[in-house]
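Structural description and commentary
Okay, here's what each chain looks like letter by letter:
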Amino acid sequence: MSEIKVNSIKGVGASAAAITVNNTDGTCTANLTNRTNKNLIINGAMQVAQRGTSNTTNNYGTVDRFRISYSNTDEDITQSQINVSSGTTPYTLGFRKAYKLTNGNQTSGAGADDSVYLRQRIEAQNIANSGWNYNSSSSFLSLQFWIKSSVAQDFNGHLRSRDGTEQIFPFQTGSLTADTWTKVTKTIAGNSNLTFENDNGNGLDFVLFGFRGTNSTDNSATNDVWQAYSSGIFGGKDQTSTWYTTNDATLEITGVQLEVGSVATDFEHRSFGQELALCQRYFFAIPYGSSSNNTQFISSIDTFAKSATELRAQVHFPVPMREAASYTGSATNIEFNTDNSSDYFNANGFSNYLTITGENSYGMSLRKTDAVSMTTGQPGHLIFRATGGFLQFSAEL
């Protein structure tokens, strides 16, 4: 029987080995491009936008799992989910949606405390159980994303660990050509100072800046290595303000992937249904759909009379949420009633009318205790009465 002994197998012209062999125990490490469940970023292709497609809110507002934060701006920043244009490289690679920031008119210029950035927070247990030996400098994560700016410049970003003594890994995109999609890749080695708890708290942040003022940047920050976090290097090295001081400048991103391994492999395209279920662990929305008579029964909620004076609506989440969710509902256009009864309330100031009980990661009960003349166990309805109706449940990090 013949035998081949090698240290590694590398493709002709490749810079890294496809297979690396451990000469001591005979095991090997392979860089595979078709692994599943490898992306630690959720909704990296920007497919899911349960809250809507455009908003100026300084928080989660459009594309799920990605949050915008801005401060000391003269005009609000607009966040939106947009279509990727055909004929571009991301489009040919299967990306159809992107997350877009549109700058306002920052008339007072770039202040030392001004900032605009987007981020995704990753649960600590997802990092702890990822297979990354994060305390070893010989074990790696690979980050990749596609980015496009209407202004030619370099942009800052970072990864930030949130457990134990916080660490930060600053990086820069490199100089971008205006209105041109550019792929950015980074290789992140482990570090002995990193800590990730095996829990559902915030473990790791992915952050990308449109701008951060000099009170939170420092040229002593070292790019592409882990170092102790401080607020003074939150924004990394000093960043040019061209994008921030250009009225209506835009910044677009898609194809964000963070995976275990030293090679950034092909993007993991998950189906819309898979991505939606992952997003619903953190946010679940029931919006008004469509109805010819402007009334829509909310069939996903069980409503009944618990007693002669108490109405309850049992909400069952489609997937277990990260933790017991907070709740909001539209203020003036939801009706809560029972069958065979004219008793109802039009929920003006909806959250003030209801008591929330029994909430956990699987669901919650909405309760109204001043109803009258009902039969215990009598079924009922929760109804959207107008097109602005919504119910939202959040367990975001």
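Thresholds applied
All residue numbers refer to position in the chain's written sequence, counted from 1. In keeping with the predicted nature of the model, local features appear solely for residues at pLDDT of at least 70, side-chain atom pairs appear and are counted solely at 80 or more, and the whole-chain, interface and lining totals rest on all residues. Processing note: side-chain calculations cover all non-hydrogen atoms of the structure and skip hydrogens and water entirely. Put simply, a nonpolar core is a bunch of buried Ala, Val, Leu, Ile, Met, Phe, Trp, Tyr and Cys residues held in one set by side-chain atoms that sit within 4.5 Å of each other. Three exposure classes are used, based on accessible area relative to the maximum for each residue type with a 1.4 Å probe and protein chains only: buried under 20%, partly exposed in between, and exposed over 50%. By the criteria applied, helices consist of DSSP H or I runs no shorter than four residues and strands consist of E runs no shorter than two, each listed in order from the N terminus. A contact between two residues is defined here by any heavy atoms of the two lying within 4.5 Å. Salt bridges are counted wherever a side-chain nitrogen of Lys or Arg sits within 4 Å of a carboxyl oxygen of Asp or Glu. Only strands joined by at least two bridges in the DSSP assignment are considered to pair. In this scheme Phe, Tyr and Trp rings, the latter by its six-membered ring, pair at centre separations within 6.5 Å, and the angle between planes marks the pair as stacked below 30 degrees, edge-to-face above 60, and tilted otherwise. Put simply, a charge is over a ring when the Lys NZ or the Arg CZ is close to the ring centre, within 6 Å, and near the line of the ring normal, within 35 degrees. Think of it as the arc spanned by the lines of direction from the helix axis to the C-beta atoms. Scored from 0 to 100, pLDDT records how confident the predictor is in each individual residue. The patch calculation keeps residues exceeding 30% relative accessible area without a salt bridge and links them within 9 Å when they carry like charges or within 5 Å when they are nonpolar (Val, Leu, Ile, Met, Phe, Trp, Tyr). Computed with a 1.4 Å probe, the accessible areas rest on the Shrake-Rupley method; for each residue, only the protein chains presented here act as cover. Each polar contact in these results corresponds to two N or O atoms within 3.5 Å; when the atoms are within protein, one needs to be able to donate a hydrogen and the other to accept it, and residues that are neighboring in sequence are counted only if both atoms are side-chain atoms.

**Re the nonpolar core**
Formed by 42 residues in total, the largest nonpolar core has its most connected members in Phe66, Tyr99, Phe145, Phe206, Ile253, Val256 and Leu258. Among the elements of the structure, strand S5 (67-71), strand S7 (97-102), strand S8 (115-123), strand S9 (140-149), strand S11 (167-172), strand S12 (182-189), strand S13 (202-212) and strand S15 (250-260) are those that each provide at least two residues to this core. In this view, Phe145 contacts Phe171, Thr173, Thr182, Lys183, Val184, Phe206, Leu208, Ile253, Thr254, Gly255 and Val256; residues no more than four positions away in its chain are not counted. Core analysis: the next-biggest nonpolar cluster, separate from the first, contains 18 residues, Ala313, Tyr327, Leu382 and Phe393 among them.

**Re the pattern of salt bridges**
Per the counting criterion, the structure on display carries 11 salt bridges. Where Lys148 meets Glu252, a salt bridge forms, and the shortest distance between an N and an O atom there is 3.8 Å. Separated by 104 residues along the polypeptide, Lys148 in strand S9 and Glu252 in strand S15 bring together distant segments of the chain. When its relative accessible area of 17% is taken as the criterion, Lys148 is described as buried. Note that Glu166 and Arg160 form a salt bridge whose closest N and O atoms lie 2.8 Å from each other.

**Quick word on the sheet that holds S7**
Strand order in the open sheet made by the six strands is S4-S6-S7-S15-S9-S12, with antiparallel pairing throughout. Looking at strand neighbours, the two that pair on one side only are strand S4 (54-55) and S12, the edges of this open sheet. Sheet topology places S7 next to S15; four bridges connect them, and they run antiparallel. By the bridge assignment, Lys100 is partnered in S15 with Glu252.

**Some thoughts on the sheet that holds S5**
Strand order in this open sheet of six strands is S5-S8-S13-S10-S11-S14, and the pairing throughout is antiparallel. Pairing within the sheet leaves two strands with one partner each, and these edge strands are S5 and strand S14 (227-228). In this sheet, S13 lies alongside strand S10 (residues 156-161) in antiparallel orientation, the contact comprising five bridges. From the neighbouring strand, Gly157 faces S13, where its bridge partner is Leu208.

**Side note on the packing of aromatic side chains**
One pass over the full model with this rule turns up 17 aromatic pairs. Consider the rings of Phe145 and Phe171, whose centres lie 6.2 Å apart with planes at 45°: the pair is tilted. With Phe145 in strand S9 and Phe171 in strand S11, this residue pair connects regions lying 26 residues apart in the sequence. Both rings, one in Phe209 and one in Phe234, keep their centres 5.4 Å apart while their planes meet at 85°; by these two values the pair is edge-to-face. Taken as a pair, Phe209 in strand S13 and Phe234 in the loop between S14 and S15 lie far apart in primary sequence, 25 residues in all. Through successive ring pairs, a cluster of aromatic residues spans Tyr117, Phe209, Tyr229 and Phe234. In this structure, Arg65 packs its charged tip against the face of Tyr282, placed 3.8 Å from the ring centre. The ring of Tyr229 carries the charged tip of Arg160 above its face, separated from the ring centre by 3.8 Å.

**Let's talk about helix H3 (residues 272-280)**
Along H3, the residues that are buried comprise Glu275, Cys279 and Gln280. Projected down its long axis, H3 shows its buried positions confined to an angular sector of 135°, all on one face.

**Remarks on the environment of Asn193**
Mapped onto the secondary structure, Asn193 falls in the loop between S12 and S13. Looking at Asn193, the relative accessible area reads 45%, which means it is partly exposed. Every residue in contact with Asn193, bar those within four places of it in the chain, is listed here: Asn135, Thr165 and Gln167.

**Notes on the confidence of the model for the chain**
Overall, the prediction assigns the chain a mean pLDDT of 89, with 87% of residues at 70 or greater. In this model, residues 346-352 is a region of pLDDT below 50 whose contacts with residues beyond four sequence positions or in other chains number 19 contacts.

**A closer look at unusual backbone geometry**
If a residue is not glycine, its phi is most likely negative; likewise, a peptide bond is most likely trans. Not every positive phi belongs to a glycine, and Met46 is a case in point at roughly 60°. Structurally, Met46 is set in the loop between strand S3 (28-30) and S4. If you check the backbone angles, Asp224 has positive phi at about 70° while not being a glycine. Mapped onto the fold, Asp224 is located in the loop between S13 and S14. Residue Asp224 is classed as partly exposed on the basis of its relative accessible area of 38%.

**Some thoughts on a nonpolar patch on the surface**
A contiguous nonpolar patch, built from Ile4, Val6, Ile9 and Ile19 and spanning about 360 Å² of accessible area, is present on the exposed surface. Take Ile4: it is sitting in the segment before strand S1 (8-9). The class for Ile4 is exposed, based on a relative accessible area of 75%.

**With respect to the side chain of Ser149**
Looking at the element boundaries, Ser149 is found in strand S9. The class of Ser149 is buried, set by a relative accessible area of 1%. For Ser149, the side chain forms a polar contact with the main-chain oxygen of Val151, separated by 2.7 Å. Beyond its immediate sequence surroundings of up to four residues, Ser149 is in contact with Phe155, Leu176, Thr177, Ala178, Asp179, Thr180, Trp243, Thr250 and Leu251.

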